[in-house]
Amino acid sequence: MCNNHSGRFTVRRSAKFCVGVETEVPLAVTKRNPNGKDDLLADPNALRELATLFNRNGLQAYGSAVDHEKNYSKWAITLDPSIEVGRELEGIGSAIEIKSPAMCIDTSIHADRFRTMWKIIEPFKIQYIEYRKMASTHIHFSLKDTEFPLKVAQKLAFCVVYFQQAIDDIVPGMTHANDKKRPGGWKHCDRFAKRNRVRPEHDERKPLDDLKNCWKAIRDTKNIHDLAELMCYDDDSYRRAFIGMRKNYKWNFIGLDLDTIEFRQMPPSSSAQETLDWITFTTTFVQAAANVSRAKLDEAIHSRETSFTEALGFDISGDRKIQLDLEDHWAADGQSNMILSDHLKWFMECDDEFWDRIISIRDGIEKALARLP
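Structure report, in brief. All values reported here derive from a predicted model rather than from experimental measurement.

1. Points about the packing of helix α4 (residues 150-162) against helix α11 (residues 272-290)
Helix packing geometry: the angle between the two helix axes and the distance between the axes.
Then, number 1: Relative to each other, α4 and α11 sit at 110°, their axes nearing to 8 Å. When the axis of α4 is compared with that of α11, the two are roughly perpendicular. On α11, the residues touching Val152, Lys155, Leu156, Cys159 and Val160 of α4 are Phe285, Val286, Ala289 and Ala290.
Then, number 2: Its residues assigned to classes, the contact of α4 with α11 comprises eight nonpolar, no polar and one charged.

Below, the structure is given as structure tokens:
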């Protein structure tokens, strides 16, 4: 129901982002040496040995089964039981999470560091999808030298609601009992990457379906904490009591002590290029959301002559009433709003080669999953 608009709003100067990437990856116990005997790590939990390799290659790191230190200036190598699939990794490898330090991405230094990281762990990688299918990539982001502005976070939250189906379209299908399109996926979304629904405190946190009330509720939040409660509210009181479980949304507005926001819907990365592409996706989407006109979103609340689709820069093709009716049920479970990856591509303005790589990641994982018994 909407087309790309030739007269898009002016893109403002790009923000300077800092990111921290959590790479979940099963790694082999042995280091594969094609010309000699394999080097056996002392045991699957010998994370300090892997950290030593990082340090030797210029990446300050530490290894620990549980990251009690939480030093965001160093690489942290820890165990991550959430990516275990049954007992398949026993005797083969370990479920590892590698957390990068916080890095500013206004230079190429961050890219060089991720290339070094992947070069270090390349000999340890377990390629088979049955060992990788519970892993994923998470990216925390913040703005350099400043708190994340509430008004930017609010526009991001609205764009998350608006483009949720489009983002679903570019990542591998996730396991979900109600997913008729792709019932078998790479991770269980109800546990690790739930949909962000706008749940205002009134009316018993019932999720909102229409874009008008979604933006009203988002706009009326007073701080990041209120926004996180709105976008990441869990019906389950047990999970609500533990912040570690409250983070498991596609977009985690709780982040690290409300200082960052985290995108969690990305599949497992298997190379430096994939990691860098997901950093580009995350920061470019946030930048595009920041560039949305707040005044136009407010105008769409008060007028049936302006849709939220137009407020985001799209033209409406066809009957305006049909588009406005769609927006009345936009966020409802099972609602098809016909906003797919082509609209996302235009909104973010990345080049075709970038999108080809993103779609190739999705297709490669889904083909590998389809071959599993």
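So that's the structure; there's more coming.
2. Quick notes on helix α1 (residues 47-56)
Then, number 1: Residues of α1 that are buried: Leu47, Leu50, Ala51, Leu53 and Phe54. Within α1, the buried residues cover an arc of 150° as seen down the axis, which keeps them to one side. Opposite the buried face of α1, by more than 90 degrees, sit the exposed residues Arg48 and Arg56.
Then, number 2: Taken from the residues just after α1, Gly58 is the one with a positive phi, measuring 90°.

3. Side note on the pattern of salt bridges
Then, number 1: This model, assessed by the stated rule, comprises 16 salt bridges.
Then, number 2: Between Glu310 and Arg320 there is a salt bridge; the shortest N-O distance is 2.8 Å. Separated by 10 residues along the polypeptide, Glu310 in helix α13 (residues 308-311) and Arg320 in helix α14 (residues 320-327) bring together distant segments of the chain.
Then, number 3: A relative accessible area of 24% means that Glu310 is categorised as partly exposed.
Then, number 4: Three or more residues joined by partner-sharing salt bridges are found here, namely Arg195, Arg197, Asp209 and Asp333.

4. Looking at the packing of aromatic side chains
Then, number 1: Counting across every chain of the model gives 21 aromatic pairs.
Then, number 2: Ring geometry for Tyr162 against Phe163: centres 4.9 Å apart, planes inclined by 70°, an arrangement best described as edge-to-face.
Then, number 3: Judged by relative accessible area, Phe163 falls into the buried class, the value being 0%.
Then, number 4: Taking the centre distance of 6.3 Å and the plane angle of 90° together, the rings of Phe281 and Trp355 count as edge-to-face. Taken together, the residues Phe281 in helix α11 and Trp355 in helix α16 (residues 352-370) connect sequence positions 74 residues apart.
Then, number 5: Relative accessible area serves as the criterion here: at 2%, Trp355 is assigned to the buried category.

5. Topic: the side chain of Asn248
Then, number 1: By the secondary structure assignment, Asn248 is in the loop between α10 (243-246) and β10 (251-252).
Then, number 2: Taking the relative accessible area as the measure of exposure, Asn248 reaches 10% and is therefore buried.
Then, number 3: Polar contacts involving the side chain of Asn248 include one to the side chain of Arg264, which spans 2.9 Å.

6. Digging into the pairing of strand β6 (residues 75-79)
Then, number 1: Among the five residues that make up β6, four are buried, leaving the element largely enclosed by the rest of the structure.
Then, number 2: Across three bridges, the pairing between strand β5 (residues 61-63) and β6 is parallel. Considered in β6, the bridge of Gly63 is made with Ile77.
Then, number 3: Sheet analysis places β6 next to strand β7 (residues 93-99), joined by four bridges and oriented antiparallel. What sits directly across from Thr78, in β7, is Glu97.

Each value, and the rule that gives it
Residues numbered from 1 in each chain as written. Predicted model: local features only at pLDDT ≥ 70, side-chain atom pairs only at ≥ 80, totals over all residues. Heavy atoms only, no water. Axes fitted to C-alpha atoms, helices over the stretch in contact; angles between N-to-C directions. Helix = DSSP H or I, 4+ residues; strand = E, 2+ residues; numbered from the N terminus. Parallel < 35°, antiparallel > 145°, perpendicular 65-115°, else oblique. Contact = heavy atoms within 4.5 Å. Nonpolar A, V, L, I, M, F, W, Y, C, P; charged D, E, K, R; others polar. Buried < 20%, exposed > 50% of the residue type's maximum accessible area, 1.4 Å probe, protein only. Arc of directions from axis to C-beta. Salt bridge = Lys/Arg side-chain N within 4 Å of Asp/Glu carboxyl O. Phe/Tyr/Trp six-rings, centres within 6.5 Å; stacked < 30°, edge-to-face > 60°. Polar contact = N/O pair within 3.5 Å; in protein donor to acceptor, adjacent residues only side chain to side chain. Pairing = 2+ DSSP bridges.

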